[in-house]
Amino acid sequence: MKGGAMRWLCTGAILLWALSAWAEVPRMGVAVGTVTMEGKQWQRISFRPDIPIGPFGVALDIELFLDQKGNISKRGWDFSTGQATRETIFRKIYYVRYGRQGEPVFMKLGALDDVTLGYGLIVDGYTNALEYPSVKRIGFQGDVRLGGGLRLQWLVNDLDDAFTGGPWFAARASAPLLGKLRVGGTLAMDINQYAGLKDRDGDDVPDALDPFPDDGTAWTNTDADSDFPDEIPDYRVVKGDTVWVDTLDINGDNIYDRGEYRNLRGPEPSKKSENKDRITVVGVDLGYPILEGPVKLELYGQAAKFLMVEDGGGWGFAAPGLRLTVGPLRARLEYRNFQGRFRPEYFNDMYEIERARVVGDSAVTKEAGLDSISLKGVFGKAVLRVMNIVSVRASYQYLSGKERNQRFYVDGRALEPLLRQVPRLGELSAYYHKDHIDTREAGFFDPTPNTIYGYRIGFKVGDGVQLVWHTHYEYTGTAKNPKRHKYVTVETEVKF
């Protein structure tokens, strides 16, 4: 294992040297620190070359995970199965891009951040890097402007999911109609929401239901002793029949010796491929510029419908809406009306966490939590750079009807002019996101499974060297009994 990893590192170093000789201004970063991965603490060493080559840009992430004994984990260096090989290759890519945001042609392969299609009713602020580095996804994003004002946009969340038949994707096309009026159409489809369940050993059984999540040859334990292979067989042959028994009782006595037999095998865990659930969302939008120039004001409307959902799906619209851009402020405000099993921004920054979860012994999709609703209200979102020292982004939604639904997002970061005022401070940011807020059941800021928050602090310890502390919190369980999970990453970043 160690030899294989070293061979790959040497090969990668030669390739990076060759690319650097051709690249314009290559940059290399090194990160060393502690990360929480699969419930355990690991030392992580990561080499991060960022190489611009003409209109292209390549950012790699070549990593090693070490335990307390110095043993190298096979994570990222496993070629035992097709899925493991794909993940090994994909994990080396942070992103590869052509062009930049806002240029006529922009494409990106790898980590995707803050992707919004149209006015955001279907896809808004999506990221596939929320769980990085413990989970790496290789997404594919495109934004191409063609002649006649035609614009095409698309994204695929993870190419590895495409190999297992379970990616989700979205596409949008927009074009001018009747002068300055623009019309757009969006299609988003999750081919199989259950593909979002993590399965790191590739045995088709989700980790949360797999008693042996790191062994692809085992996925059921008949005597609940957590051993594989079991030191004591799980079965005995009695009168020609195979009887599955628990060979040890709670006192450690051998039940078989006492002649007691109990059928404890039960059903095998549900496999991901046996559960499939597709959801499709289609939408249209219209936009017309009222003001152009230093102050831009746009009037818009958008509507969407959920398809292939039980109970007839649902629909919703956001109109009228206003989008304002003036100096450092970008903001929008819209009236909303939703009916049936519909949720706005279904594909948002939390989607990879909400897509499918294990609750108890069952897997539950985000779609399964869509109750039929009849809600009306307002939504607002703003991004502001304050005197070029702080950047703040916030959004709030308030809908009412038979039920009430609120949502609140806020995140902020200090910009370079402010960071320079504090000695040794290299980074400072924080975020708080909460969906499905109902103050009749709990307080506005009470934690629920739809709450995430965290912060990042970076301290400069030398020229080009920064120590970064990232703390991230998530919740599982139910709204009445949430269970908090804390993830801490401490890394030393070196840039040169």
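This section reports on the structure supplied with the text. (Residues numbered from 1 in each chain as written. Predicted model: local features only at pLDDT ≥ 70, side-chain atom pairs only at ≥ 80, totals over all residues. Heavy atoms only, no water.)

## Description of the overall build of the protein
Operational definition: Secondary structure counts use DSSP, requiring at least four H or I residues in a row for a helix and at least two E residues in a row for a strand, with both numbered from the N terminus. The buried label applies to any residue whose accessible area, calculated with a 1.4 Å probe on protein chains only, is under 20% of its type's maximum; exposed applies above 50%, and partly exposed to all values in between. By definition, residues are in contact when any of their heavy atoms lie within 4.5 Å. Per-residue and other accessible areas were derived by the Shrake-Rupley procedure at a 1.4 Å probe size, with only the shown protein chains allowed to occlude residues.
What the protein contains, in helices and strands, is five helices and 25 strands. Expressed as a percentage of the 496 residues in the protein, the buried residues total 44%. For the protein, the share of sequence-separated contacts (at least 6 apart) that also reach a separation of at least 24 residues comes to 53%. Here the protein has roughly 25,200 Å² of accessible surface; of this, 59% comes from carbon and sulfur atoms.

## Thoughts on the pattern of salt bridges
A side chain with one charge may pair with a side chain of the opposite charge, provided their charged atoms come close. Defined as follows: A pairing counts as a salt bridge when a side-chain nitrogen of Lys or Arg comes within 4 Å of a carboxyl oxygen of Asp or Glu.
Counted by the stated rule, this structure contains 21 salt bridges. One salt bridge connects Arg172 with Asp285, and the closest N-O pair in it is separated by 2.7 Å. Residue Arg172 is located in strand S9 (residues 168–176), and its partner Asp285 is located in strand S13 (residues 279–291); the two are separated by 113 residues in the primary sequence. In this structure, Arg172 and Asp285 share a single accessibility class: buried. For Arg393, the salt bridge is made with Asp411, and the minimal N-O distance between the two is 2.9 Å. Of this pair, Arg393 sits in strand S20 (residues 390–401) while Asp411 sits in strand S21 (residues 404–414), placing them 18 residues apart in sequence. Here the salt bridges do not stand alone but share partners, grouping Asp124, Arg332, Glu334, Arg336, Glu345, Lys381, Arg407 and Asp435 into one network.

## Section: a nonpolar patch on the surface
The condition that has to hold: The residues that make up patches have over 30% relative accessible area and no salt bridge, and they are joined within 9 Å when like-charged or within 5 Å when they are Val, Leu, Ile, Met, Phe, Trp or Tyr.
A surface patch of nonpolar side chains, about 490 Å² in accessible area, is lined by Tyr288, Ile290, Leu291, Val295, Leu299 and Leu322. Of all the secondary-structure elements, those providing two or more residues to the nonpolar patch are S13 and strand S14 (295–307). Within the secondary structure, Leu322 sits in strand S15 (residues 314–326).

## Overview of the side chain of Thr127
Just so we agree on the cut-off: Whenever a nitrogen or oxygen atom comes within 3.5 Å of another N or O atom, the pair is scored as a polar contact, on the condition that within protein one atom can donate a hydrogen and the other can accept it, and that pairs from neighbouring residues in sequence are kept only if both atoms are in side chains.
Along the polypeptide, Thr127 turns up in the loop between strand S6 (105–110) and strand S7 (139–145). Only 2.9 Å separates the side chain of Thr127 from the backbone oxygen of Leu112, close enough to count as a polar contact. Residues within four places of Thr127 in sequence aside, it is in contact with Leu112, Asp113, Asp114, Asn348, Asp349 and Glu352.

## Details of unusual backbone geometry
A cis amide bond links Ala319 to the next residue, Pro320, at an omega of -5°. For Arg424, which is not glycine, the phi torsion reads 75° and is therefore positive. With respect to the helices and strands, the residue Arg424 is situated in the loop between helix H5 (416–419) and strand S22 (425–437). For His436, which is not a glycine, the phi torsion comes out positive at approximately 55°. Relative to the helices and strands, His436 is located in strand S22.

## Let's talk about the pairing of strand S23 (residues 451–462)
As a general feature of sheets, a regular strand has side chains that alternate between the two faces. Cut-off, in case you're wondering: Between any two strands, at least two bridges found by DSSP are needed for them to pair.
As defined by bridge partners, S22 adjoins S23 across nine bridges and the pair is classed as antiparallel. Across the sheet, His433 pairs through a bridge with Ile452, a residue of S23. By the bridge criterion, ten bridges tie S23 to strand S24 (residues 465–477) in an arrangement that is antiparallel. Of the residues in S24, the one forming a bridge with Phe459 is Leu467. Count of turn residues in the S23/S24 antiparallel hairpin: two residues, of which Gly464 carries a positive phi of about 75°.

## With respect to the nonpolar core
We count it as follows: Here, nonpolar core refers to any group of buried Ala, Val, Leu, Ile, Met, Phe, Trp, Tyr and Cys residues whose side-chain atoms link them within 4.5 Å.
Counting residues in hydrophobic clusters, the biggest one holds 25 residues, and the most contacted among them are Val123, Trp168 and Phe347. Broken down by secondary-structure element, the contributors of at least two residues to this core are S9, S13, S14 and strand S19 (373–386). Val123 has contacts with Val115, Thr116, Leu117, Leu155, Trp168, Ala170 and Phe347, leaving out every residue within four places of it along the chain.

## Overview of the packing of aromatic side chains
Filter applied, for reference: Centres within 6.5 Å are what make two rings of Phe, Tyr or Trp a pair, Trp counting through its six-membered ring; a difference in plane orientation under 30 degrees is then read as stacked, over 60 as edge-to-face, and the rest as tilted. Two limits define a charge over a ring: the Lys NZ or Arg CZ must be within 6 Å of the ring centre, and within 35 degrees of the ring normal.
Counting across every chain of the model gives 22 aromatic pairs. Aromatic pair Trp168 and Phe347: ring centres 4.3 Å apart, planes at 20°, arrangement stacked. With a gap of 179 residues between them, Trp168 in strand S9 and Phe347 in the loop between strand S16 (329–340) and helix H4 (351–354) connect regions that are remote in the sequence. The two residues Trp168 and Phe347 agree in class, both being buried. Seen in terms of ring centroids, Tyr346 and Tyr351 are 5.5 Å apart; in terms of plane orientation they differ by 50°. Their pairing is tilted. Overall, the relative accessible area of 1% leaves Tyr346 in the buried class. A network of ring pairs unites the aromatic residues Tyr126, Trp168, Phe306, Phe338, Phe342, Tyr346, Phe347 and Tyr351 as a single cluster. In this arrangement the basic side chain of Lys92 is found over the ring face of Trp77, its NZ or CZ atom lying 4.2 Å from the centre. Sitting over the face of the ring of Tyr409, Arg407 holds its NZ or CZ atom 5.3 Å from the ring centroid.

## Looking at the environment of Arg355
Mapped onto the fold, Arg355 is located in the loop between H4 and strand S17 (356–359). Along the sequence, Arg355 and Tyr194 sit 161 residues apart, while their C-alpha atoms lie 7.4 Å from each other. In this structure the side chain of Arg355 is engaged in a polar contact, spanning 3.1 Å, whose partner is the backbone oxygen of Asn192.

Take it as geometry only, folks, not as evidence of what the structure does.
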